[in-house]
Amino acid sequence: MASNVLGNGEFSFDNKRRTGLPKIQTQKTDDENVVCHDDSATPVKAQTLDELHSLQKKKSAPTTPIKSPHVFGVAVSEEERQKQQLQSISASLASLTRETGPKVVKGDPARQAETPKVQHPVHHHPTPTLNVSDSGLKFTHILYNLSPAELYEQAIKYEKGSFITSSGALATLSGAKTGRSPRDKRVVRDETTEDDLWWGKGSPNIEMDEQTFLINRERAVDYLCSLEKVFVNDQFLNWDPNNRIKVRIVSARAYHSLFMHNMCIRPTPEELEDFGTPDFTIYNAGQFPCNRYTHYMTSSTSIDINLARREMVILGTQYAGEMKKGLFGVMHYLMPKRNILSLHSGCNMGKEGDVALFFGLSGTGKTTLSTDHNRYLIGDDEHCWSEHGVSNIEGGCYAKCIDLSREKEPDIWNAIKFGTVLENVVFEDHTREVDYTDKSVTENTRAAYPIEYIPNAKIPCVGPHPKNVILLACDAFGVLPPVSKLNLAQTMYHFISGYTALVAGTEDGIKEPTATFSACFGAAFIMLHPTKYAAMLAEKMQKHGATGWLVNTGWSGGSYGSGSRIKLAYTRKIIDAIHSGALLNAEYKKTEVFGLEIPTALKGVPSEILDPANTWPDKKAHKDTLLKLGGLFRKNFEVFTNYKIGTDGNLTEEILAAGPTF
Ligand SMILES: Nc1ncnc2c1ncn2[C@@H]1O[C@H](COP(=O)(O)OP(=O)(O)O)[C@@H](O)[C@H]1O
Ligand SMILES: C=C(OP(=O)(O)O)C(=O)O
Ligand SMILES: [Ca+2]
Ligand SMILES: [Mn+2]
């Protein structure tokens with residue numbers, strides 16, 4: 001600051017009128033010498049805080065298309081492409097009663113500064129102005145294919161129960177529903193599905209009519225359009241490029257968007273540019289219930305599939321697994337039409353290219369055992385088997401994490417990091433350290449992560465024809481052997497039976513294990529009669545020379561309560577011996593009742609546990625339990641005795657004979 005001593009002895013500042021403190025020079029002046037030099041950092045190139053904040057985010061989204069933009073061979077501008085994309089989303093969200101799509105706009109409504117492009121409603125018919133409701137006047141902001149980081153921010157800002165855990169995962173709550181609701185699943189019965197689908201006793205397809213579907217669809221769409229913003233994911237299913245399905249997921253929660261980002265196949269920016277019209281669309285309005293006065297509704301939850309419209313509506317449940325398994329059901333319809341078998345199985349491949357499938361109901365070990373540090377992971381839950389081999393349907397894994405331990409399941413443990421959705425887990429308030437043993441919210445705690453979070457994932461997730469088909473059963477009765485080698489008829493018998501017995505609640509004292517039979521180890525997801533899938537599996541196993549195995553990942557030394565669950569380390573040894581071929585050439589003996597071939601010895605596993613008859617201290621209790629289970633199998637199979645499996649009459653006979661005899 002320059003100052004002068006005036007001739008008259010008075011002290012004066014440059015600015016002659018002393019009306020306050022001297023003006024501080026902030027602008028650089030010509031006279032460099034008067035400014036004190038501070039060379040520790042160059043000043044930011046911003047005039048305001050807003051400007052400073054705008055510097056933080058670099059626009060990586062290309063303003064010029066990645067590829068030269070062509071639609072059906074005609075060049076389109078980037079602006080036109082963006083417009084088409086918004087039009088497509090507006091059309092997806094169109095009300096069927098007002099025959100218009102909402103006004104949609106891209107981007108977060110919280111970011112006022114950005115003036116986003118608006119897409120006006122799609123008018124199928126000229127709508128009289130008198131008919132305009134308030135919904136026609138508002139905008140719905142579209143958060144399109146956000147990145148995990150953006151979705152984290154959305155979840156943490158706006159969704160109660162969202163937190164970052166100490167390992168970087170996003171902890172979320174799925175609300176009242178912490179598992180699937182198979183009794184609330186509905187499938188539209190129309191001309192298309194009437195003959196093709198499996199209806200009636202034992203079928204998971206509970207019918208609804210087209211009109212009711214449209215009522216629920218309208219309810220979901222109205223709910224979604226009433227929100228300030230919705231998330232839209234455009235992604236793929238199936239790593240087989242010839243049979244890839246384009247899916248669009250419209251949802252209200254960042255949690256749902258991140259879950260599907262992880263679980264479906266993520267398109268590259270180029271693939272997203274020419275995504276076009278989706279093959280199938282999910283409307284997830286899970287926070288909003290269905291109307292119980294609506295025909296066919298028996299609760300406030302409804303998961304509705306309309307194959308003709310290629311749409312699924314979710315009302316009244318926020319459990320994210322509903323979306324992934326709903327799409328799996330759709331694949332169980334679409335793929336067999338192309339002579340491709342859809343499988344509820346995990347899948348991995350050895351260094352020599354030997355592929356194994358792991359079938360089993362929920363909690364039997366598909367995810368745990370297909371995630372094997374010594375093998376390439378193709379996928380943990382949903383696959384296709386075509387003429388060319390196997391392909392994963394999904395782009396991620398969905399692991400159970402109750403009692404998860406770093407020692408026993410290191411790859412899954414390490415996959416729970418930034419980007420992973422952790423559902424319904426409990427964590428320490430301050431450190432955000434997850435307690436995987438805590439069942440306070442649910443026993444069905446889950447982690448959803450992209451498949452590349454597993455270090456030895458095989459990308460692309462495809463492989464040659466399977467060599468081994470492993471059927472997993474978690475037998476809480478403790479009578480099935482830890483491993484049995486199956487012939488083709490036995491494989492089919494156990495595949496159609498789809499047995500497991502878990503213990504429902506562990507808190508309220510000891511409970512009887514209850515047997516569950518779920519055809520094709522996934523009755524909740526199949527669309528056609530089980531024998532259709534079984535015939536395809538038999539044909540493929542025969543053609544490619546695959547061996548079937550039955551592995552009990554459940555109890556040994558007694559039923560639940562007296563025995564204990566087979567150590568994961570032993571099951572892994574058994575699986576290793578199947579993969580290596582060692583078990584194929586072992587010495588075998590036959591068990592009574594189920595007639596299963598069991599090895600007499602296996603490296604790394606105590607021989608006495610290989611035959612359950614040895615491990616039960618009470619021999620009579622063992623025999624009684626074995627007969628009881630045999631009876632349950634027989635009773636369950638009654639509904640299938642009138643069906644022919646494939647074109648081979650002999651095989652049908654053999655399958656019927658492959659069940660328990662007593
Ligand atoms: N012997 C065993 N084999 C397989 N899993 C076991 C075994 N013992 C305990 N488990 C546990 O059982 C659960 C199996 O679940 P998971 O692999 O997610 O099943 P799925 O994918 O078939 O639903 C995991 O929590 C795993 O740690
Ligand atoms: C997601 C599920 O799959 P699984 O338990 O088979 O892993 C489910 O059944 O809801
Ligand atoms: Ca699983
Ligand atoms: Mn599964």
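Cut-offs applied
- Residues numbered from 1 in each chain as written.
- Chains lettered and ligands numbered in written order.
- Predicted model: local features only at pLDDT ≥ 70, side-chain atom pairs only at ≥ 80, totals over all residues.
- Heavy atoms only, no water.
- UniProt positions renumbered as here; feature names shortened; annotations may be inferred.
- Donors = N, O, S within 2.8 Å, 3.2 Å for Na, K, Ca; no water.
- Helix = DSSP H or I, 4+ residues; strand = E, 2+ residues; numbered from the N terminus.
- Buried < 20%, exposed > 50% of the residue type's maximum accessible area, 1.4 Å probe, protein only.
- Near = heavy atom within 4 Å.
- Polar contact = N/O pair within 3.5 Å; in protein donor to acceptor, adjacent residues only side chain to side chain.
- Areas by Shrake-Rupley, 256 points an atom, 1.4 Å probe, with all protein chains shown as cover.
- Nonpolar A, V, L, I, M, F, W, Y, C, P; charged D, E, K, R; others polar.
- Pairing = 2+ DSSP bridges.
- Contact = heavy atoms within 4.5 Å.
- Axes fitted to C-alpha atoms, helices over the stretch in contact; angles between N-to-C directions.

As annotated in an unreviewed UniProt entry, the chain carries the name phosphoenolpyruvate carboxykinase (ATP) and comes from Capsicum annuum. Its UniProt record gives the chain the following Subcellular location (unreviewed entry) comment, quoted word for word: "Cytoplasm". Note on the chain: under the UniProt heading Sequence similarities (unreviewed entry), the record states "Belongs to the phosphoenolpyruvate carboxykinase (ATP) family."

A. Main features of the coordination of the manganese ion (ligand 4). Protein-derived coordination of the manganese ion (ligand 4) comes from His 344 (NE2) and Asp 381 (OD), at a distance range of 1.7 to 2.5 Å. Separating the manganese ion (ligand 4) and the calcium ion (ligand 3) is a distance of 4.0 Å. On the criterion of sequence distance, the pair formed by His 344 in strand β17 (residues 341-349) and Asp 381 in the loop between β19 (376-379) and β20 (382-386) is long-range, its members being 37 residues apart. With relative accessibility at 6%, the residue Asp 381 sits in the buried group.

B. Expanded view of the site of ligand 2. Every residue near ligand 2 is listed here: Arg 180, Tyr 319, Lys 324, Lys 325, His 344, Ser 362, Lys 366, Asp 381, Tyr 398 and Arg 446. Here Arg 180 contributes a side-chain N or O atom positioned 2.7 Å from an oxygen atom of ligand 2. Separating an oxygen atom of ligand 2 from a side-chain N or O atom of Ser 362 is a distance of 2.4 Å. Relative to its unbound accessible area of 290 Å², ligand 2 is 95% covered by the protein chains. Its residues assigned to classes, the shell around ligand 2 comprises two nonpolar, two polar and six charged.

C. Fine view of the sheet that holds strand β22 (residues 396-400). Read from one edge to the other, the open sheet built from five strands follows the order β8-β9-β23-β26-β22, with strand pairing classed as mixed. Of all the strands in the sheet, just β8 (163-164) and β22 have a single pairing partner and so form its edges. Note that β22 and strand β26 (residues 446-450) share five bridges and pair antiparallel. What sits directly across from Cys 397, in β26, is Tyr 449. Sitting on the sheet, helix α6 (residues 254-263) is in contact with β9 (170-172), β22, β23 (421-423) and β26, with an inclination near 120 degrees to β23.

D. Spotlight on the pairing of β17. Burial analysis of β17 places nine of its nine residues in the buried class, the great majority of the element. Judged by which residues are buried, β17 turns out to be covered on both faces: Leu 341, Leu 343, Ser 345, Cys 347 and Met 349 on one side and Ser 342, His 344, Gly 346 and Asn 348 on the other are all buried. Across four bridges, β17 lies against β20 in antiparallel orientation. Residue pairing for β20: Ser 342 is matched across the bridge by Cys 384. With five bridges connecting them, β17 and strand β18 (residues 355-359) associate as antiparallel partners. By the bridge assignment, Asn 348 is partnered in β18 with Ala 356. Adjacent in sequence and paired antiparallel, β17 and β18 are bridged by five residues, among which Gly 353 carries a positive phi angle near 85 degrees. In the sheet, β17 pairs with β19 via three bridges, with the strands oriented antiparallel. Bridge pairing in β19 links Asn 348 to Leu 377.

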